[in-house]
Amino acid sequence: MIDLHTHTTESDGTLTPAELVAAAAVLQLEALGISDHDTFTGYDAALPFAQTAGLELICGIELSTRSHGKSVHLLGYFLRGEPAAAFRAWIVELQESRRERNARLIEKLQSLGVAITLAEVEDEGRTLTARPHFARVLIRKGYVKTIEEAFEVYLDESARAYVQRREVLIGEAIARVIEAGGLPVLAHPVRLGKRSALEEEQVVRDMVEQGLPGIEVWHSDHSPADVERYLTLARKYNLAMTGGSDFHGANKPAVQLGVGRNNLRVPGEVLTRLRAAPRYSRPD
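These notes cover the structure that comes with them. Think of each chain on its own: its residues are numbered from 1, step by step along the sequence as written. With pLDDT at 70 or above as the cut-off, local features in this predicted model cover only qualifying residues; side-chain atom pairs require 80 or more to be listed or tallied, and sums for whole chains, interfaces and linings still use all residues. Water and hydrogen atoms were dropped before computing side-chain values, which therefore reflect all heavy atoms in the structure.

1. A word on the overall build of the protein
So the rule is basically this: Numbering of helices and strands starts at the N terminus; helices are DSSP runs of H or I of at least 4 residues and strands are runs of E of at least 2. Here the globule rule is a power law, 2.2 Å times the number of residues to the power 0.38, and the radius of gyration is based on C-alpha atoms. The cut-offs for exposure are 20% and 50% of the maximum accessible area for each residue type, with area from a 1.4 Å probe on protein chains only; residues under the lower value are buried, those over the upper are exposed, and the others partly exposed.
Scanning the protein for helices and strands turns up ten helices and eight strands. For 284 residues, the compact-globule formula gives about 19 Å, and the C-alpha radius of gyration of the protein, at 18 Å, lands near that figure. With the C-alpha coordinates of the protein rotated into their principal frame, the extents come out at 55 × 45 × 40 Å. In the protein, which comprises 284 residues, the share counted as buried stands at 54%.

2. Re the packing of helix H8 (residues 197-209) against helix H9 (residues 224-236)
Between two packed helices, the angle of one axis relative to the other and the distance separating the axes together describe the packing. Filter applied, for reference: Orientation is described by lines fitted to C-alpha atoms, with helices fitted over the stretch in contact, and by angles between N-to-C directions that extend from 0 to 180 degrees. In this scheme, roughly parallel covers angles under 35 degrees and roughly antiparallel covers those over 145, while 65 to 115 is roughly perpendicular and the rest are oblique. Helix crossings are classified by the rotation of the near helix relative to the far one: an anticlockwise turn of less than a right angle makes the crossing left-handed, while a clockwise turn makes it right-handed. Whether two residues are in contact is decided by their heavy atoms, any of which lying within 4.5 Å being enough. For this scheme, ten residues count as nonpolar: Ala, Val, Leu, Ile, Met, Phe, Trp, Tyr, Cys and Pro. Four count as charged, namely Asp, Glu, Lys and Arg, and the remainder, Gly too, count as polar.
Viewed as axis vectors pointing N to C, H8 and H9 meet at an angle of 40°, and their least axial separation amounts to 12 Å. In terms of orientation, H8 and H9 fall into the oblique class. The way H8 lies across H9 gives a crossing that is right-handed. For the pair H8 and H9, the contacting residues are Ala197, Glu200, Glu201 and Val204 in the first and Arg229, Tyr230, Leu233 and Lys236 in the second. Across the contact of H8 with H9, the residue classes tally to four nonpolar, no polar and four charged.

3. Considering the side chain of Ser245
Here is the rule: Any pair of nitrogen or oxygen atoms within 3.5 Å is treated as a polar contact; in protein, a donor-acceptor pairing is required on top of that, and neighbouring residues in sequence qualify only through side-chain atoms on both sides.
Along the chain, Ser245 falls in the loop between strand E8 (240-244) and helix H10 (269-276). With relative accessibility at 0%, the residue Ser245 sits in the buried group. Within polar-contact distance, the side chain of Ser245 engages the side chain of Asp3 at 2.6 Å. From its side chain, Ser245 meets the backbone nitrogen of Phe247 in a polar contact 3.2 Å long. Excluding residues that lie within four positions of it along the chain, Ser245 makes contacts with Asp3, His5, Thr6, His219, Ser220, Val255, Gln256, Leu257, Gly258, Gly260 and Leu264.

4. What to know about the nonpolar core
The criterion, for reference: Definition used in this section: a nonpolar core is a set of buried Ala, Val, Leu, Ile, Met, Phe, Trp, Tyr and Cys residues joined via side-chain atoms within 4.5 Å.
Counting 63 residues, the largest nonpolar core has Leu32 and Trp218 as its most contacted members. Counting residues in each nonpolar core, the second largest holds 18 residues, with Val114, Val121, Leu138 and Val163 among its members.

5. Remarks on helix H6 (residues 147-155)
Rules: To be clear, the arc concerns the directions from the helix axis to the C-beta atoms.
Of all the residues in H6, the buried ones are Ile147, Ala150, Phe151, Tyr154 and Leu155. Buried residues of H6, viewed axially, fall in a sector of 105°; they line one side. In this structure, the buried residues of H6 make contact with helix H3 (85-111) and helix H5 (131-140).

See below:
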């Protein structure tokens, strides 16, 4: 069993890189993919611990992109080695857009009478500050009781204080990952939120036409019917298939490492097939 979609404290998870590797070792996962948002810091920190534990660690990242007028997450997996310095430099530029969004989000919250500061949130966020860190400060200061309530009232796209990030178009993000030697994968496609399977397929097909080579088939948010639908799309459009829990620790307590909401079993053969595919196999 493998898990190719996880997050550490270096983005919006609650386990440190070392703790995440230790948890994966206890579960006897064959491979672990760290896909923190807009940063490789968690992967970099986890690598020596994974080597000591004899755990195969997959370098990944999750990018926020824009497609069809809404935010769409794109996973990037680097199966042939770590990404080049140029790609890492581009990621630093994306981090700047997140910091700018955070400052505007603080202003919006304060305008609503919520007395929190950016420094308080950044103390929660370590390397990269994201909305779950805002949620934790809101809980600590008594404005909400749970992370779910924080998003519903203040932080979600339809909430009172939501501020949109400056996001790259998905076509650019796909091209950047491929240029860096990576495999771009549409994350949790069920979150595209389309009303019908036909509309969903049209969006996926448009991304394929922009160069998308992979889709996340197995995910904690995917029902058995969703999995079958994405398997069908993957076969129809010749897409690489990946899967993972989207584990965030206590920030998503219902989602467990390796098994999601107890609805997830990603076999090791998924990674074996990715490794064997000529486009993504390691160079000689």
